[in-house]
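# Observations on the three-dimensional arrangement
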Amino acid sequence: MKNILVVEDELPISRVLKAYLEKHHFQVVQAFTGDEAQQKFDTCNPALVLLDVMLPGRSGWSILEYIRAKSSCPVIMLTALGQIDNKLAGLHQGADDYITKPFIADEVVARVQAVLRRSTQIMEGGHVTQFGSLKVDFKARTVMLHGIEISFTPKDLSLFLFLAQYRNQAFTREQLLDQVWGMDYEGSDRAVDLAIKRIRRALEHWPAAEGEIRTYRGLGYKLSVYE
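Residues numbered from 1 in each chain as written. Predicted model: local features only at pLDDT ≥ 70, side-chain atom pairs only at ≥ 80, totals over all residues. Heavy atoms only, no water.

### What about the nonpolar core?
In terms of nonpolar packing, the biggest core is built from 31 residues, with L134, V136, V143, L159, F160 and L223 touching the most fellow members. For this core, the secondary structure elements donating two or more residues are β7 (134-137), β8 (142-145), α6 (154-165), α7 (173-181), α8 (190-202) and β12 (220-225). Top element by residues in this core is α6. It accounts for 7 residues. Contacts of L134, omitting those with residues within four sequence positions, involve T129, V143, M144, L145, I150, F160, L203, W206 and E210. (Core = buried A, V, L, I, M, F, W, Y, C linked by side-chain atoms within 4.5 Å. Buried < 20%, exposed > 50% of the residue type's maximum accessible area, 1.4 Å probe, protein only. Helix = DSSP H or I, 4+ residues; strand = E, 2+ residues; numbered from the N terminus. Contact = heavy atoms within 4.5 Å.)

### Quick look at the environment of P56
Note on placement: P56 falls in the loop between β3 (48-52) and α3 (60-70). Relative accessible area serves as the criterion here: at 37%, P56 is assigned to the partly exposed category. Between the C-alpha atom of P56 and that of E36, which follows or precedes it by 20 residues, the distance is 9.9 Å. Dropping the residues within four chain positions of it, P56 is found in contact with D9, F32, T33 and G34.

### Details of the sheet that holds strand β11 (residues 211-216)
The 3 strands are arranged β10-β12-β11 in an open sheet whose pairing can be described as antiparallel. In the strand order of this sheet, the two ends are held by β10 (171-172) and β11, each with one partner. Relative to β12, β11 is paired through 6 bridges, and the arrangement is antiparallel. Its bridge partner lying in β12, R214 is registered against K222. The strands touched by α8 within the sheet are β11 and β12, with β11 carrying the most contacts at an inclination of about 155°. (Pairing = 2+ DSSP bridges. Axes fitted to C-alpha atoms, helices over the stretch in contact; angles between N-to-C directions.)

### Looking at the sheet that holds β7
Taken in spatial order, the 4 strands of this open sheet run β6-β7-β8-β9, and their pairing is antiparallel. The sheet is open, and its two edges are formed by β6 (128-131) and β9 (148-149), each paired on a single side. Relative to β9, β8 runs antiparallel, the two sharing 2 bridges. When the sheet's bridge partners are listed, M144 is paired in β9 with E149.

### Comments concerning the pattern of salt bridges
Within the structure shown, the criterion is met by 10 salt bridges. Put simply, K101 and E8 hold a salt bridge, and the shortest N to O gap is 2.8 Å. In this pair, K101 sits in the loop between β5 (97-100) and α5 (105-123) while E8 sits in the loop between β1 (3-7) and α1 (11-23), placing the two residues 93 residues apart along the sequence. Taking the relative accessible area as the measure of exposure, E8 reaches 0% and is therefore buried. A single network of salt bridges, built from pairs that share partners, joins E8, E10, D52 and K101. (Salt bridge = Lys/Arg side-chain N within 4 Å of Asp/Glu carboxyl O.)

None of the figures reported here should be taken as evidence of function without further support.
Laid out in structure tokens, this is it:
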């Protein structure tokens, strides 16, 4: 049974989320303030965090930053702020999805299941794969080049791990947005191009004879590896 940490200061909303998640066989840990959220994140090892933005004490943005500094645990933001700028801010800071209040509890459960499914698909490579001097550990979510760990943003790491898992397969920008950013992402597909640019920069010392991220003009990208 997977732990879900629900961080929501409005007790009625927290109770509804807890009831619906438990109905779908999740174990729920509740937190009602930012400080409590940080403490319970460290102690309960959640599979996913539902994180309200507006909290007493530390804000949801602060807690998201704390989580991303130490973990790739999936995070879905909950907020009454519906403006696109707030949604983009959350996604850029490493949130995996974003749900605007008021919401339907069944939809939240479906989003939780979808994010966990994407996360599991990436991790179920389950083993370390070597592409020449590039070492990819899907379970630990680390990428090493010449023995040195490469630092990626959470979203860039998720994109690279997805391409590495399905190496030598081409994906459109739309497919990559669905798989990595989520089906409800409302930003431009330019986000994929920018992420690929950053990943290529991080991999600039990876020998071209071992592999590369190839662009298919008008289509998308694939990670070509020469094993």
